[in-house]
Amino acid sequence: MSQSPEDVVSSPKAIQHYNIGNDFYQLWLDESLTYSCPLWDGPNDTLHAAQLRKLDYHATNAKAIGAARVLDIGCGWGSMMERLVNVHGVQHAVGLTLSQEQADLVKARNLPRSSVLLSHWHDHRPEEKYDAIISIGAFEHFVHIDENREQRVRSYRKFFTHCRELLKPGGMMSLQTTVYEMMDQLDPFITSRIWPEAQLPRLVEMIEAMDYVFEVVKIDNHKEHYERALIEWANRLAAKRDEAIKVTSTEIVDDYLRYLKMSAKAYRVNGFSLQRLGLRALPAR
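Since this is a predicted model, take the numbers as computed values, not measurements. (Residues numbered from 1 in each chain as written. Predicted model: local features only at pLDDT ≥ 70, side-chain atom pairs only at ≥ 80, totals over all residues. Heavy atoms only, no water.)

**Thoughts on the sheet that holds strand β5 (residues 167-180)**
Here comes step 1: A sheet is described by the order of its strands in space; here 7 strands give the open sequence β3-β2-β1-β4-β5-β7-β6, paired in mixed fashion. The sheet is open, and its two borders are formed by β3 (114-118) and β6 (214-221), each paired with just one other strand. Taking the axes of each pair of neighbouring strands and ignoring which way they run, one obtains an average angle of 15° across the sheet.
Here comes step 2: Pairing of strand β1 (residues 69-73) with strand β4 (residues 130-136), which is carried by 3 bridges, proceeds in the parallel orientation. Residue pairing in the sheet places Leu71 in a bridge with Ile133 of β4.
Here comes step 3: Helix α3 (residues 79-86) contacts β1, β2 (92-97), β3 and β4 of the sheet and is inclined by roughly 175° relative to β2.
Here comes step 4: Helix α5 (residues 149-166) contacts β1, β4, β5, β6 and β7 (272-281) of the sheet and is inclined by roughly 150° relative to β5. (Pairing = 2+ DSSP bridges. Helix = DSSP H or I, 4+ residues; strand = E, 2+ residues; numbered from the N terminus. Axes fitted to C-alpha atoms, helices over the stretch in contact; angles between N-to-C directions. Contact = heavy atoms within 4.5 Å.)

What follows is the structure in structure tokens.
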């Protein structure tokens, strides 16, 4: 039986780029292995410091500091989880990813009071509710590229409703995502070579989808932070090009260099923006 577009959810194919190999990403990301927009502080800031500052921002935004249970949806290689348990006193951090490579690395880190699950958000049904949810750079993969606006809003609403069900009453969520501004579709190169199935949201679609589900407490637009990060990543990858080719291929390295430079330009010309939102769960009606 075929699926209608509104029944299609992101699959492991949507994040297949994370399975290129951890060695590849370790060459050009910072030492925390954080592959999302940092939070810079001045022209002399380092990438690693900016990434840690971003993680602290989300811990504060979600009111996760000292919390009993925190969920990280799209946990990557575990930098947010590590920060939560080692710095912010979280008693138990749970991370969700669809990437086996990421899950294996998180497990290998042996983080205290943490668990990582190879699971889609809509399949996650924990026995205990969470005090806070953090999701950084995963929302771009939560709808299918073929969905129209009405279908996207419906899909986003399912996500927000499910997150509310996972939270204790009044619990907070900190969400970070790229959104469309002056553009309305991704370049075919990106959807075919880097992000298959992915589709960016518009902020208005997100706000509509969370109506009566979450209260918007805070919104920050930090697009200039992402442009700077993408340029730095491209420069770091170019400097390690020969090593990167050895662990992947010339084609993959050239694709990524092109993707990083294209994306930086999209932020510079207002095609994309980077939104960070603080959301409070509302009671179900």
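Structure's up, so let's keep going.
**Digging into helix α2 (residues 47-61)**
Owing to its 3.6 residues per turn, the α-helix aligns residues three or four sequence positions apart on the same side.
Here comes step 1: Taking 1.5 Å of rise per residue, the 15 residues of α2 would be expected to cover 21 Å, and the 21 Å separating its terminal C-alpha atoms lies within 8% of that figure.
Here comes step 2: Among all positions of α2, only Leu47, Ala50, Gln51, Lys54, Leu55, Tyr57, His58, Ala59 and Asn61 are buried.
Here comes step 3: Tucked inside the fold, the buried residues of α2 contact α3, β4, β5, β6, α8 (223-239) and β7.
Here comes step 4: One or two residues past the end of α2 sits Lys63, with phi positive at roughly 55°. (Expected span 1.5 Å × (residues − 1). Buried < 20%, exposed > 50% of the residue type's maximum accessible area, 1.4 Å probe, protein only.)

**What about a nonpolar patch on the surface?**
Here comes step 1: A surface patch of nonpolar side chains, about 190 Å² in accessible area, is lined by Ile207, Val216 and Ile219.
Here comes step 2: With respect to the secondary-structure elements, Val216 resides in strand β6.
Here comes step 3: Taking the relative accessible area as the measure of exposure, Val216 reaches 33% and is therefore partly exposed. (Patch = residues over 30% accessible without salt bridge, like charges linked within 9 Å, V, L, I, M, F, W, Y side chains within 5 Å. Areas by Shrake-Rupley, 256 points an atom, 1.4 Å probe, with all protein chains shown as cover. Salt bridge = Lys/Arg side-chain N within 4 Å of Asp/Glu carboxyl O.)

**A short note on unusual backbone geometry**
The bulk of non-glycine residues show a negative phi, and the bulk of peptide bonds are trans.
Here comes step 1: Even without being a glycine, Asn110 presents a positive backbone phi close to 55°.
Here comes step 2: Mapping Asn110 onto the fold places it in the loop between α4 (100-109) and β3.
Here comes step 3: Not every positive phi belongs to a glycine, and Tyr212 is a case in point at roughly 70°.
Here comes step 4: Here Tyr212 shows up in the loop between α7 (203-209) and β6.

**Describing the pattern of salt bridges**
A side chain with one charge can pair with a side chain of the opposite charge if their charged atoms come near.
Here comes step 1: All told, the structure shown has 14 salt bridges when counted by the stated rule.
Here comes step 2: The shortest N-O distance in the salt bridge between Arg268 and Glu227 comes to 3.2 Å. Placement of the pair is Arg268 in helix α10 (residues 250-268) and Glu227 in helix α8, with a sequence separation of 41 residues.
Here comes step 3: For Glu227, a relative accessible area of 18% corresponds to the buried category.
Here comes step 4: One salt-bridge network, in which partners are shared between bridges, spans Arg193, Glu251 and Asp255.

**Things to note about the pairing of β3**
Here comes step 1: Of the strand pairs in this sheet, β2 and β3 are connected by 5 bridges, and their pairing is parallel. Bridged to Leu96 within β3 is Leu117.
Here comes step 2: As a crossover connection, the stretch from β2 through α4 into β3 is right-handed. (Right-handed = clockwise from strand over helix to strand, strands pointing away.)

**Here's the deal with the packing of aromatic side chains**
Here comes step 1: As enumerated under the stated definition, the model contains 26 aromatic pairs in all.
Here comes step 2: With 6.1 Å between their ring centres and 55° between their planes, Trp195 and Tyr259 make a pair best called tilted. With Trp195 in the loop between α6 (188-193) and α7 and Tyr259 in helix α10, the pair connects residues that are 64 residues apart, well separated along the chain. Across the pair, Tyr259 and Trp195 agree in class, each one buried.
Here comes step 3: Here the guanidinium or amino end of Arg258 rests over the ring plane of Phe189, the centre of that ring lying 3.9 Å away.
Here comes step 4: The residue whose ring lies beneath Arg276 is Tyr57, and the NZ or CZ to ring-centre distance is 5.8 Å. (Phe/Tyr/Trp six-rings, centres within 6.5 Å; stacked < 30°, edge-to-face > 60°. Lys NZ or Arg CZ within 6 Å of the ring centre and 35° of its normal.)

**Quick look at α8**
Here comes step 1: Spanning 17 residues, α8 covers 25 Å between terminal C-alpha atoms, matching the ideal 24 Å at 1.5 Å per step.
Here comes step 2: For α8, every residue scored as buried is listed here: His225, Tyr226, Glu227, Ala229, Leu230, Trp233, Ala234 and Leu237.
Here comes step 3: At its buried positions, α8 is contacted by α1 (22-28), α2, β5, α9 (241-247), α10 and β7.

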